[in-house]
Amino acid sequence: MGDDIRTVANFLFEAGTLKHHKRTGWWIAGIKDPESVAEHSWRAALLASIIAELEGADPAKAALLSVWHDTGETRTGDLAHISQKYVGKGDAVAIAADQSKGMPAGLGALMRSIVGEYEARETPEAICAGDADKLECLVQAIEYRDQGHQNVDRWIVNSRKRIRTESAKRIAAELLETGSLTWLREAMGES
């Protein structure tokens, strides 16, 4: 149990760096201190479970795929789409294979399977997780817009175009009809 558990421990520290990796596309929109990759992944996992439940898929599996979907960014960083145009986005499956080398066999296989399924976007859960990734970007853009950032409409439009499931499309439409603090007014019984 020594070296394989050390590999797991090292990966946990590596994964923790995602709390500090900023989502770089927001810098282009003028956001000085954008959300981290970990913050994005948390809400994407929440959204994945919601979308999956509404779509009749497995919410726990969709959330699991979302939790892991950006773990490769510990090795590549978060690359804005304009950067990906020139350098590519990185091969998440190859990164997962590298990250899982030396882990207990079952754990390494699980990690590669999760990332591979997410990247393939063929299962209902992977489709829901992919939609959650886009929908989370849309929610974040609305929040930034409500905070006074004007250059986020491109992220709203592009995220919405990439959504595949009917449930996520309905959620996106509703998000655009409300504001980021409507929940608070309603919770407080204010009109």
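Before reading further, recall that the structure is shown in the block above.
Residues numbered from 1 in each chain as written. Predicted model: local features only at pLDDT ≥ 70, side-chain atom pairs only at ≥ 80, totals over all residues. Heavy atoms only, no water.

1. Regarding the nonpolar core
Definition in use: Among buried residues, those of type Ala, Val, Leu, Ile, Met, Phe, Trp, Tyr and Cys that are joined through side-chain atoms within 4.5 Å constitute a nonpolar core. Only protein chains enter the calculation, and the probe is 1.4 Å; a residue is then buried if its accessible area is under 20% of its type maximum, exposed if over 50%, and partly exposed in between. Secondary structure elements are taken from DSSP: a helix is a run of H or I of four residues or more, a strand is a run of E of two residues or more, and numbering for both begins at the N terminus.
Counting 33 residues, the largest nonpolar core has Trp-26, Leu-135 and Val-152 as its most contacted members. Residue contributions to this core peak at 10 residues, all from helix 9 (residues 124-146).

2. Thoughts on helix 1 (residues 2-16)
So the rule is basically this: By this rule, a helix spans an expected 1.5 Å times one less than how many residues it contains. Residue contacts follow a heavy-atom distance rule, with two residues in contact if any of their heavy atoms lie within 4.5 Å.
With 15 residues, helix 1 ought to run about 21 Å at 1.5 Å a step, and its terminal C-alpha atoms sit 21 Å apart, in line with that. Buried residues belonging to helix 1 abut helix 4 (59-68), helix 5 (73-76), helix 7 (92-99) and helix 8 (105-120).

3. Notes on the environment of Val-67
Positionally, Val-67 belongs in helix 4. Sequence-wise, Val-67 and Gly-130 are 63 residues apart; in three dimensions their C-alpha atoms are separated by 11 Å. With near-sequence residues (within four places) excluded, Val-67 lies in contact with Ser-41 and Ala-45.

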